[in-house]
Amino acid sequence: MHLRNRHGTPVDPVPFVVVVGLTFMVLLSFGPLYGRELGLALETAVVLSAALFALAVIVAFYRQVWTFRPEATDNVPSSVRAERLFYLIPILTALIIALAIPLLLS
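Okay, so let's go over this structure.

Here is what the cut-offs are and how they apply
- The numbering scheme is per chain: residues are counted from 1 as the chain's sequence reads.
- Only residues with pLDDT of at least 70 are given local features in this predicted model, and only at 80 or more are side-chain atom pairs given and counted; all residues enter the totals for whole chains, interfaces and linings.
- Values reported for side chains reflect all heavy atoms of the structure, with hydrogen atoms and water molecules removed beforehand.
- For helices the rule is a DSSP run of H or I covering at least 4 residues; for strands it is a run of E covering at least 2, with both sets numbered from the N terminus onward.
- Helix span, as expected, comes to 1.5 Å for every residue beyond the first.
- To get the bend at a given residue, fit one axis to the seven residues ending there, fit another to the seven starting there, and take the angle between those axes.
- Three exposure classes are used, based on accessible area relative to the maximum for each residue type with a 1.4 Å probe and protein chains only: buried under 20%, partly exposed in between, and exposed over 50%.
- In this analysis, two residues are considered to be in contact whenever any of their non-hydrogen atoms come within 4.5 Å of each other.
- We call two N or O atoms a polar contact when they sit within 3.5 Å, provided that within protein one can donate a hydrogen and the other can accept it, with sequence-adjacent residues counted only if both atoms are side-chain atoms.
- Nonpolar cores were defined as sets of buried Ala, Val, Leu, Ile, Met, Phe, Trp, Tyr and Cys residues, with membership established by side-chain atoms within 4.5 Å.
- Classification of ring pairs rests on two measures: the distance between centres of Phe, Tyr or Trp rings, Trp counted by its six-membered ring, which must be within 6.5 Å, and the angle between planes, read as stacked under 30 degrees, edge-to-face over 60 and tilted in between.

## With respect to helix α1 (residues 14-37)
End to end, α1 covers 34 Å across 24 residues, agreeing with the expected 34 Å (1.5 Å per residue, within 8%). Maximum bend of α1: about 30°, positioned at Gly31, with proline Pro32 one to four residues after it. Among all positions of α1, only Phe16, Val20, Thr23, Phe30, Pro32 and Gly35 are buried. On its buried face, α1 is in contact with β1 (3-4), α2 (42-66) and α3 (78-105). Gly39 occupies a position one or two residues after α1 and carries a positive phi of about 95°.

## Thoughts on the side chain of Asn5
You can see Asn5 is positioned in the loop between β1 and β2 (10-11). A polar contact of 2.9 Å, which involves the side chain of Asn5, links it to the backbone oxygen of Phe68. Other than its neighbours up to four places away in sequence, Asn5 contacts Val11, Val65, Trp66, Phe68 and Pro70.

## Digging into the side chain of Thr23
Within the secondary structure layout, Thr23 lies in helix α1. Residue contacts for Thr23: discarding those within four places in its chain leaves Leu28, Phe53 and Ala56.

## Comments concerning the nonpolar core
Membership of the largest hydrophobic core is limited to six residues, which are Leu3, Phe16, Val20, Phe53, Ala60 and Val65. Sorting the residues of this core by element identifies α1 and α2 as the ones contributing at least two each. No other element matches the three residues that α2 contributes to this core. Every residue in contact with Val65, bar those within four places of it in the chain, is listed here: Leu3, Arg4, Asn5, Val11, Phe16 and Ala60.

## Some remarks on the packing of aromatic side chains
Pairs of aromatic rings are described using the distance from one ring centre to the other and the angle between the two planes. Scanning the model with the defined rule gives three aromatic pairs in all. Judged by centre distance (5.4 Å) and plane angle (70°), the rings of Phe24 and Phe53 are edge-to-face. With Phe24 in helix α1 and Phe53 in helix α2, this residue pair connects regions lying 29 residues apart in the sequence.

## A short note on the environment of Pro10
For Pro10, the position within the fold is in strand β2. With a relative accessible area of 53%, Pro10 lands in the exposed category. The spacing of Pro10 and Phe68 is 58 residues in sequence and 9.7 Å in space, taken between C-alpha atoms. Beyond its immediate chain neighbours, meaning those up to four positions away, Pro10 contacts Leu3, Arg4 and Pro70.

All we've got here are geometric facts, nothing functional implied.
The structure is reproduced here in structure tokens:
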């Protein structure tokens, strides 16, 4: 996969793919369940979740590929980026657990 920003510079696709994968996992696994709990038909809930996923992909592409500046990554040390990633893991875990709790109680 060869992604390029708006200036034609190659961009690493891994962050974009990870964000899209996590978004797919969360929106299309929890979205229809929450839609059903809110009284929507299953088809409507799935279509709404898919539409939100498409919007999230567009926003992620814009932020992580289209407007990405490769020269900016030299300004942030890799230890800081790794620390941010380390803190993001428990936050995402807590988010998924928090999303599951209302479904378990209903």
